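If you want the building blocks of each chain, they are given just below.
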Amino acid sequence: MQIEAKLQENLGLLRAKLGIDTSFDVLLREFSVGGRDAALIYLDGFIQSQVTSRLLEQLMELSREDIQPNPIDKLVRNHIPFFEVATIDTLEQCVDEILAGPAVLLVDGCTTAIVLDVREYPVRGIEEPDLERVTRGSRDGFVETALFNVNMIRRRLRDPGLRFEAVRVGQRSKTDVFVGYVNDIANKELVDKVKHRIEKVDTVSLTMGAKTLEDYLVGTKFNPFPTVRYTERPDVVAAHLLEGHVVVVTDTSPTAMLLPASAWHYTQHAEEYFQNPVVGTYLRWVRFLAILIAFFITPIWLLLAEHPEMRPGFLHFVGPNEPGKIPLFAQFMILELAIDLTRMAFIHTPSALASSLGLVAAILLGDFAVKVGLFVPETILYQAVSAIAFFAIPNYEFSLALRLFKILTLVLTGTFGLWGFLGGTGFTFIVMACTRSLDLPYLWPLLPLSWTGLKRLIFRYPIPDVSKRPAGIKPRDQDLQ
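Residues numbered from 1 in each chain as written. Predicted model: local features only at pLDDT ≥ 70, side-chain atom pairs only at ≥ 80, totals over all residues. Heavy atoms only, no water.

**Things to note about the sheet that holds strand β1 (residues 26–33)**
Next up, step 1: Overall, antiparallel pairing links the five strands, which are arranged β1-β2-β4-β5-β3 in an open sheet. Single-partner strands in this sheet number two, and they are β1 and β3 (85–88). On average, each strand axis in the sheet is inclined to that of its neighbour by 25°, with strand direction left out of account.
Next up, step 2: Looking at chain direction, strand β2 (residues 36–43) and strand β4 (residues 103–107) are connected through four bridges and run antiparallel. Within the sheet, the bridge partner assigned to A38 lies in β4 and is V107.
Next up, step 3: In the packing of helix α1 (residues 7–18) onto the sheet, contacts are made with β1, β2 and β4, and the angle to β2 comes to roughly 15°. (Pairing = 2+ DSSP bridges. Helix = DSSP H or I, 4+ residues; strand = E, 2+ residues; numbered from the N terminus. Axes fitted to C-alpha atoms, helices over the stretch in contact; angles between N-to-C directions. Contact = heavy atoms within 4.5 Å.)

Below, the structure written as C-alpha cells:
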C-alpha cells in the first residue's frame, strides 16, 4: 500500500498495524517541520536518545522556506546530518523498517517516508567462545547482533572483494541474514546456490536462529552427520573466506555457518595455528587418535572380552577377572546412557553445584556400582577413556553424530560379535562416504583422493608454505599467495 499524502490517514493505518496505542514500546512523536505536521515512529530502547533528540531539535527549527519545494529531498540533502538515511514509498516498508529498529519520519503532504537508522543495539559484551578456547590468540567471539559479527570479520579481512549480501527471512520474524564471500575467490555457482536456497526459505519465523535456517538450507535428513560448520571465532571465518568458503551470519545467533564443510573441518581447531607447525601437527595427530579411541575402544574391548579366542597374545589381559551381575554388553549401554544423562544434567545445573554433581556422578555412583558387583572395573575404565576422547573432538555436533554411530556399532558387536563390529564400522564409513555438503564430498581429500589436500590435512604446514587453496570447493582463484 502506497503512502498517502495525508499524514493522519497514514498514522491511522500504522496505528492498527503496529498497535501504537496498545504496545508500550511502539512510540509515536508528532511535531512540526517547516510548518508541516510530521511524525516520527520508533521502538523504545532501539534508538540512540541523544542523537534523535538533536535531530528533532534541528528539524523543529526549520522554516517553510527551508523545505520548499520537494520537502523530502530538501530534508535528506540539506537538513538531516546523519549517515544512514533512506527513503521508502509503501506502508509495508514502513512497518518492516520500524520493527527492524530504525525510526521512520512521515511528513504531511509527502508520499515518501524517510528511514533514519539511529539504532542502538542491545548486545552483551564480546568475550571468548567457550567451545573454541585457545591458549594464545584473540579472545573475541561473535555475539547475537549480526552487524557486530560482520564488523569483526571485516576488521580482520580488509579485502575490497569481501561482500555481505542481506536477505530477510521469515514472514513474521523477518530475520536479517547476511551471506558473505570474497568476490574474486569464491566459486560463483556455490555463492548463487547458497543465496538461492536462502531466498527460497518459506517459513513463519527463524525460531532458533541459525539452526532453523540450516534445516532449510541443507534439507531435513536422517543422516546425523553435520554438513554445516558452526564457529564463534571471527578469525576462523576470515581464514575460510580466503579459502573460498561462503559464510552465513544470522541475526540473533552468536555463530556463523561455513559452507561447504567436510568431515575433516570438524576435527580442526584454531589452537593448531597458534602453535609452532611441529606442535600443531602433533596436536592434530593426537586429536585424530582421540577420534579413533572414542569410536573403537569399547566395541573392540567388548568383542575381545566376549570372544577370548580372538585375543592376540599381547592382549591376554583384556577381559574382566570376575563377571559382574549385569552382562558386559548391558553394562556398556547403561554407562553410555549415564554419560549422556550426566552431560544433560551439567547443562541445567547452576555453576556453584557443578562440582558436586561431577563428584556424585563420576566417583560415588561408579565406585558403588563396582563394590556391589553390578559392574566390573574395566567397563567403567574404558567407557571413561572413550568419553574423554569424545570431548577432545572440537566440534560438538560432529562428536554427537559420531557417538550415535559408535553406540550402533556397540549394539551390533554385542549382538553379532565380529560380524556386527565389521558391519557397524563399515556402515559408518559408507554413510560418511555418501554424505555431501552442497557439492563437496564429506571425506574429501581422502575420498576422492587428493594427495595435496591429504598432506595438508595430516600435517600443519607453515603458513608461507601454503600456496594453493583447497581444490575441493573449486575456488575461482587457486593461488593463495
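Now, onward.
**Side note on a nonpolar patch on the surface**
Next up, step 1: A surface patch of nonpolar side chains, amounting to about 560 Å² of accessible area, comprises M310, F416, L418, W419 and L422.
Next up, step 2: Locating F416 in the fold gives a position in helix α13 (residues 396–416).
Next up, step 3: Given the relative accessible area of 56%, F416 is considered exposed. (Patch = residues over 30% accessible without salt bridge, like charges linked within 9 Å, V, L, I, M, F, W, Y side chains within 5 Å. Areas by Shrake-Rupley, 256 points an atom, 1.4 Å probe, with all protein chains shown as cover. Salt bridge = Lys/Arg side-chain N within 4 Å of Asp/Glu carboxyl O. Buried < 20%, exposed > 50% of the residue type's maximum accessible area, 1.4 Å probe, protein only.)

**Some words on the sheet that holds strand β7 (residues 175–182)**
Next up, step 1: An order of β6-β7-β9-β10-β8 is seen for the five strands of this open sheet, with the pairing classed as antiparallel. Of all the strands in the sheet, just β6 (162–169) and β8 (229–231) have a single pairing partner and so form its edges. On average, each strand axis in the sheet is inclined to that of its neighbour by 25°, with strand direction left out of account.
Next up, step 2: The pairing of strand β9 (residues 246–250) with strand β10 (residues 256–259) spans four bridges and is classified as antiparallel. For V249, the partnering residue across the bridge sits in β10 and is A256.
Next up, step 3: Across the sheet, helix α6 (residues 188–199) touches β6, β7, β9 and β10, and the angle it forms with β7 is around 175°.
Next up, step 4: In the packing of helix α7 (residues 210–218) onto the sheet, the strands contacted are β7, β8, β9 and β10, and the crossing angle to β10 comes to about 25°.

**Some remarks on the nonpolar core**
Next up, step 1: Ranked by internal contacts, the top residues of the largest apolar core, which has 23 residues, are F225, A263, I393, F398, L402, M432 and Y442.
Next up, step 2: Looking at this core, the elements that each hand over two or more residues are α9 (277–306), α12 (377–391), α13, α14 (418–434) and α15 (451–458).
Next up, step 3: Looking at this core element by element, the count peaks at five residues for α9.
Next up, step 4: Setting aside residues no more than four positions away along its own chain, I393 makes contact with Y266, I291, F398, S399 and L402. (Core = buried A, V, L, I, M, F, W, Y, C linked by side-chain atoms within 4.5 Å.)

**Notes on the pairing of β9**
Next up, step 1: Counting buried residues in β9 gives five out of five residues, a clear majority hidden from the surface.
Next up, step 2: What you see with β9 is no split at all: V246, V248 and T250 on one side and V247 and V249 on the other are buried throughout.
Next up, step 3: Inspection of the sheet shows β7 paired to β9 by four bridges, in the antiparallel sense. Of the residues in β9, the one forming a bridge with F178 is V249.
Next up, step 4: Between β9 and β10, which pair antiparallel one after the other, the connecting turn spans five residues, and T252 there sits at a positive phi close to 80°.

**Topic: the pattern of salt bridges**
Next up, step 1: This model, assessed by the stated rule, comprises 24 salt bridges.
Next up, step 2: As a salt-bridge pair, E127 and R124 come within 3.6 Å of each other at their nearest N and O atoms.
Next up, step 3: Assessed through its relative accessible area of 33%, R124 is described here as partly exposed.
Next up, step 4: Of the charged contacts in the structure, one is a salt bridge between K188 and D192, with a shortest N-O distance of 2.9 Å.

**A few points about the environment of E165**
Next up, step 1: Following the sequence through the fold, E165 ends up in strand β6.
Next up, step 2: Separated by 30 residues in sequence, E165 and K195 have C-alpha atoms that sit 8.8 Å apart.
Next up, step 3: A polar side-chain atom of E165 sits 2.4 Å from a polar atom in the side chain of Y181. (Polar contact = N/O pair within 3.5 Å; in protein donor to acceptor, adjacent residues only side chain to side chain.)

**Regarding helix α10 (residues 328–348)**
Next up, step 1: Given a rise of 1.5 Å per residue, 21 residues ought to cover 30 Å, and the 31 Å separating the end C-alpha atoms of α10 matches this to within 8%.
Next up, step 2: Taken together, the buried positions of α10 are L328, Q331, F332, L335, E336, I339 and R343. Projection of α10 onto a plane perpendicular to its axis shows the buried side chains occupying an angular sector of 140°, all on one side. Residues of α10 that are exposed and point over 90 degrees away from its buried face: L337, L341 and H348.
Next up, step 3: As for α10, its buried residues are in contact with α9, α12 and α13. (Expected span 1.5 Å × (residues − 1). Arc of directions from axis to C-beta.)

**Focus on the packing of α12 against α13**
Next up, step 1: Two numbers describe how α12 lies on α13: the axes approach to 11 Å, and their chain directions differ by 150°. By the angle between their directions, the pair α12 and α13 is classed as roughly antiparallel. Contact with α12, carried on its side by Q383, S386 and F390, involves S399, L402, R403 and K406 of α13 and no other residues of that element.
Next up, step 2: A breakdown of the residues in the contact of α12 with α13 according to their chemical character gives two nonpolar, three polar and two charged. (Parallel < 35°, antiparallel > 145°, perpendicular 65-115°, else oblique. Nonpolar A, V, L, I, M, F, W, Y, C, P; charged D, E, K, R; others polar.)

**Details of the packing of aromatic side chains**
Next up, step 1: All told, the structure shown has 12 aromatic pairs when counted by the stated rule.
Next up, step 2: Between F225 and Y442, the ring centres sit 5.9 Å apart and the planes meet at 50°, which makes this aromatic pair tilted. In this pair, F225 is assigned in the loop between α7 and β8 and Y442 in the loop between β12 (440–441) and α15, connecting sequence segments 217 residues apart. Across this residue pair, the class does not change: F225 and Y442 are buried. (Phe/Tyr/Trp six-rings, centres within 6.5 Å; stacked < 30°, edge-to-face > 60°.)

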